Amino acid sequence: MRLVRATAAECEAMAAAHAMAFDKPWRQDEFEDLLEGDGIYGFLADDDDQALGVILGRMAGGEVEVLTVGVAPRARRRGVALALMLAALEVARQAGTASAFLEVAVDNDAAIDLYARMGFVRAGLRKAYYDRGAAGTTDALVMRLDLTRGAA
Ligand SMILES: CC(C)(COP(=O)(O)OP(=O)(O)OC[C@H]1O[C@@H](n2cnc3c(N)ncnc32)[C@H](O)[C@@H]1OP(=O)(O)O)[C@@H](O)C(=O)NCCC(=O)NCCS
C-alpha cells in the first residue's frame, strides 16, 4: 500500500475510491474543486495503481477538519484508514495545527471505533445532520483530537 499526497492528477482515483466507500460519492470534478480550496489537502491510498482509500482535510483557524475518509470494502481492516488519518493529521501538526475534529454518524460503529482508538473524544452532537432520504435523518457525533499532545 502506498500513500500519495493528492494533486489534480489523483482526483480520478480519489473519486473511484470514494465511490467504493460511500453511497453518495463525490465526483472527480468535485475533488478537483475541493483541492483548490483554501487549506484543503488530501491523500490517496493505492496498491498497484488500484485505488483503495481517500482522505481530505481542511486546515483553518488552527484546526483541521477531516472532510471525508473512506476505504474500499475489499481493502478494509488492513490499516488503510488509520494510515490515511495519521498522514493527514501529521501534515496538520507540522503546519502548527492544534486540534482536529470531524463529524460521524452516530450509527457508524466502524468509524467511531477508528477515531476513538486514535484518541478522538466526543465533543458534541448535531441533530439530524445526515439526510438519508426515505430512511429519515441521522444525528452526527462531533469528535475532537488534541494534536499538541503527541498521541495518534
Ligand atoms: C470506517 C472506515 C474508513 C475504516 O477503514 P479501514 O481501512 O477498514 O480501517 P482500519 O483497517 O484502518 O481500522 C483501524 C481500526 O479502526 C477500527 N475499525 C475499523 N473498522 C472497524 C469495524 N468494521 N468494526 C470495528 N472497528 C473497526 C478498529 O479499531 C481497527 O483496528 P483493528 O483492525 O486492529 O481492530 C471504512 O470502514 C469505510 O470506508 N467505511 C465507509 C465510509 C465511512 O463510513 N467513512 C467514515 C465517515 S465519518
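Source: prediction; values computed, not measured.

Could you give an account of the overall build of the protein, with specific residues and numbers?
Counting its regular elements, the protein contains 4 helices and 7 strands. Reading the protein from its N terminus to its C terminus gives the helix and strand order β-α-α-β-β-β-α-β-α-β-β. Computed over C-alpha atoms, the radius of gyration of the protein comes to 15 Å, within 12% of the 15 Å expected from 2.2 N^0.38 for 152 residues, which places it in the range of a compact globule. For the C-alpha atoms alone, the extent of the protein along its principal axes is close to 45 × 40 × 30 Å.

Can you break down the site of the ligand residue by residue, with the values?
Close contacts around the ligand come from 21 residues, with V71, R77, G79, N108 and R117 the closest. A distance of 2.8 Å separates an oxygen atom of the ligand from a polar backbone atom of V71. Between the ligand and the protein, one listed contact pairs an oxygen atom with a side-chain N or O atom of D113 at 2.9 Å. Calculation on the ligand without its partners gives an accessible area of 900 Å², and the protein chains cover 77% of this total. The set of elements that each furnish at least two residues to the shell around the ligand consists of β4 (63-71), α3 (80-94), β5 (99-105) and α4 (109-117). Of all the elements, α4 adds the most residues to the shell around the ligand, at 6 residues.

Got a sec to walk through the sheet that holds β4? Specific residues and values, please.
Within the open sheet, the 7 strands sit side by side as β1-β2-β3-β4-β5-β7-β6. Their pairing is mixed. At either end of the open sheet lies a strand with only one pairing partner, and these are β1 (2-5) and β6 (121-131). Sheet twist, expressed as the average angle between the axes of neighbouring strands with direction ignored, equals 25°. Taken together, the 7 bridges between β6 and strand β7 (residues 137-146) define a ladder with antiparallel strand orientation. Along β7, the bridge assignment pairs G124 with V142. Together, β1, β2 (40-47), β3 (50-60), β4, β5 and β7 form the strand contacts of α3, whose direction differs from that of β2 by roughly 150°.

Give me the packing of aromatic side chains: which residues, what numbers.
Using the criterion set out here, one finds 3 aromatic pairs in the structure. The interplanar angle of 45° and the centroid separation of 5.7 Å between the aromatic rings of W26 and F31 together place this pair among those described as tilted. Residue W26 is classed as partly exposed on the basis of its relative accessible area of 27%. When the ring of Y129 is compared with that of Y130, the centres are 5.0 Å apart and the planes differ by 90°; the resulting orientation is edge-to-face. Accessibility expressed as a relative area gives 38% for Y129, which makes it partly exposed.

Explain the pattern of salt bridges to me, and be specific about the residues and the numbers.
Applying the stated rule across the entire model yields 11 salt bridges. Of the charged contacts in the structure, one is a salt bridge between R58 and E65, with a shortest N-O distance of 3.1 Å. For E65, a relative accessible area of 12% puts it in the buried group. Its salt-bridge partner being K127, residue D139 comes within 3.3 Å of it at the nearest N-O pair. Remark: K127 occurs in strand β6 and D139 occurs in strand β7; sequence separation between them is 12 residues. Within the structure, one salt-bridge network assembled from shared partners comprises R2, D46 and D49.

What counts as what
- Residues numbered from 1 in each chain as written.
- Predicted model: local features only at pLDDT ≥ 70, side-chain atom pairs only at ≥ 80, totals over all residues.
- Heavy atoms only, no water.
- Helix = DSSP H or I, 4+ residues; strand = E, 2+ residues; numbered from the N terminus.
- Rg over C-alpha atoms; globule rule 2.2 N^0.38 Å.
- Near = heavy atom within 4 Å.
- Polar contact = N/O pair within 3.5 Å; in protein donor to acceptor, adjacent residues only side chain to side chain.
- Areas by Shrake-Rupley, 256 points an atom, 1.4 Å probe, with all protein chains shown as cover.
- Pairing = 2+ DSSP bridges.
- Axes fitted to C-alpha atoms, helices over the stretch in contact; angles between N-to-C directions.
- Contact = heavy atoms within 4.5 Å.
- Phe/Tyr/Trp six-rings, centres within 6.5 Å; stacked < 30°, edge-to-face > 60°.
- Buried < 20%, exposed > 50% of the residue type's maximum accessible area, 1.4 Å probe, protein only.
- Salt bridge = Lys/Arg side-chain N within 4 Å of Asp/Glu carboxyl O.

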